Amino acid sequence: MSGVLYIVATPIGNLEDLTPRAARTFAEADFIAAEDTRVTLKLLNHLGLKKPMVSYYEHNLKERGEQILARIEAGESCALCSDAGMPAISDPGEVIVTDALARGIRVVPVPAASAAVTALAVSGQPTGRFVFEGFLPVNRRSRLERLEELKSEQRTMIFYEAPHKLRMTLDDLIAAFGGQRSITLCRELTKLHETIQKTTLAEAAAWYAENNPRGEYVLVVAGGEKPAPVQWTLEQAVERARQLAEEGQKLSAAAKQAAAESGFSKSEIYRLCLEPEEEDVP
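Right, let's walk through the structure included here. Everything numeric in this text was worked out from a predicted model, so none of it was measured.

A look at the overall build of the chain
Along its length, the chain carries 11 helices and 10 strands. Rg of the C-alpha trace for the chain: 28 Å, well past the compact-globule value of 19 Å for 282 residues, more than 25% over. Taken along its principal axes, the extent of the C-alpha atoms in the chain is 95 × 55 × 35 Å. Taking all 282 residues of the chain together, the buried fraction comes to 42%. In the chain, the proportion of contacts linking residues at least 24 apart, taken out of those at least 6 apart, comes to 68%. In the structure as shown, the chain presents an accessible area of about 16100 Å², 51% of it carried by carbon and sulfur atoms. One way to put it: in the chain the 32 positive side-chain charges average out to a point 6 Å from where the 40 negative ones average out.

Right, dumping it as structure tokens:
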């Protein structure tokens, strides 16, 4: 009988955030698949546990993933964890979860802290709708293309960033969204030097031009404002109806659609459409 793949969240900084269920899962699993076994060993020592571990990270996904899944299919249970937070979110665990489901292996989440959601909750930015972008591409061209795609994004945007890239990222965000766009920089969440700073992109760039970035960052950027609705004139609405009629719609239906698009009344548009168009006088 096949075993189970547990996707176990680990603390993003403070070890007290480890859930009792996560601790029990580590204790009961046959083995642990860890992003960095040295990091996970510290967590297991904190729990007083000794468990067989295998490394599973970006550069050994195919070979090591097959070995892990084969052991699970043979009946063992595996607890997969990343260095911090929820595995498989902007994380190599995404691949093994996809492969496990394709092979009919049971996948069980053991959720807890996630840096993205934690930052969003304390950001002071709109939280009802958001988009998670993770780390921006390292390649400059791809990076700028991604930000170009996000220029019209109205939802709150969440990015991860390393300290040595923060200044460049802030400059790129300013180029894409403008310096007055609101941003909350969440640094070292749940750790000793945790800081949460809500400001503008321009002010953040100016601050870090004078101060060295330190620690891991979650950037929560406000979405853009909804574009103002197009203001129609009555003449444009009539022209729209005539265009639709020329394309094959009945005039009544064309006037109704033009009214819905423009805000003018159907009857007024219909009446004006029946009047002859003025011809230019040479």
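Regarding the side chain of Ser55
Tracing the backbone through its elements, the reader meets Ser55 in strand β3 (residues 53-55). Reaching out from Ser55, the side chain makes a polar contact with the side chain of Arg64 at a distance of 3.0 Å. Residue contacts for Ser55: discarding those within four places in its chain leaves Ala34, Thr37, Asn60 and Arg64.

Let's talk about helix α9 (residues 234-246)
With 13 residues, α9 extends 18 Å from end C-alpha to end C-alpha; this agrees with the ideal 18 Å at 1.5 Å per step. Looking at the packing, one finds that the buried side of α9 touches α10 (251-262) and α11 (266-274). Gly248, located one to two residues past α9, shows a positive phi value of around 120°.

A look at unusual backbone geometry
A negative phi angle characterises most non-glycine residues, just as the trans form characterises most peptide bonds. The phi dihedral of Ser90 falls on the positive side, at around 50°, and the residue is not glycine. You can see Ser90 is positioned in the loop between β4 (78-81) and α4 (93-102). Backbone geometry at Thr190 places phi at a positive 70°, although glycine is not the residue there.

Conventions used here
Residues numbered from 1 in each chain as written. Predicted model: local features only at pLDDT ≥ 70, side-chain atom pairs only at ≥ 80, totals over all residues. Heavy atoms only, no water. Helix = DSSP H or I, 4+ residues; strand = E, 2+ residues; numbered from the N terminus. Rg over C-alpha atoms; globule rule 2.2 N^0.38 Å. Buried < 20%, exposed > 50% of the residue type's maximum accessible area, 1.4 Å probe, protein only. Contact = heavy atoms within 4.5 Å. Areas by Shrake-Rupley, 256 points an atom, 1.4 Å probe, with all protein chains shown as cover. Lys, Arg positive; Asp, Glu negative; His and termini not counted. Charge placed at Lys NZ, Arg CZ, Asp CG, Glu CD. Polar contact = N/O pair within 3.5 Å; in protein donor to acceptor, adjacent residues only side chain to side chain. Expected span 1.5 Å × (residues − 1).

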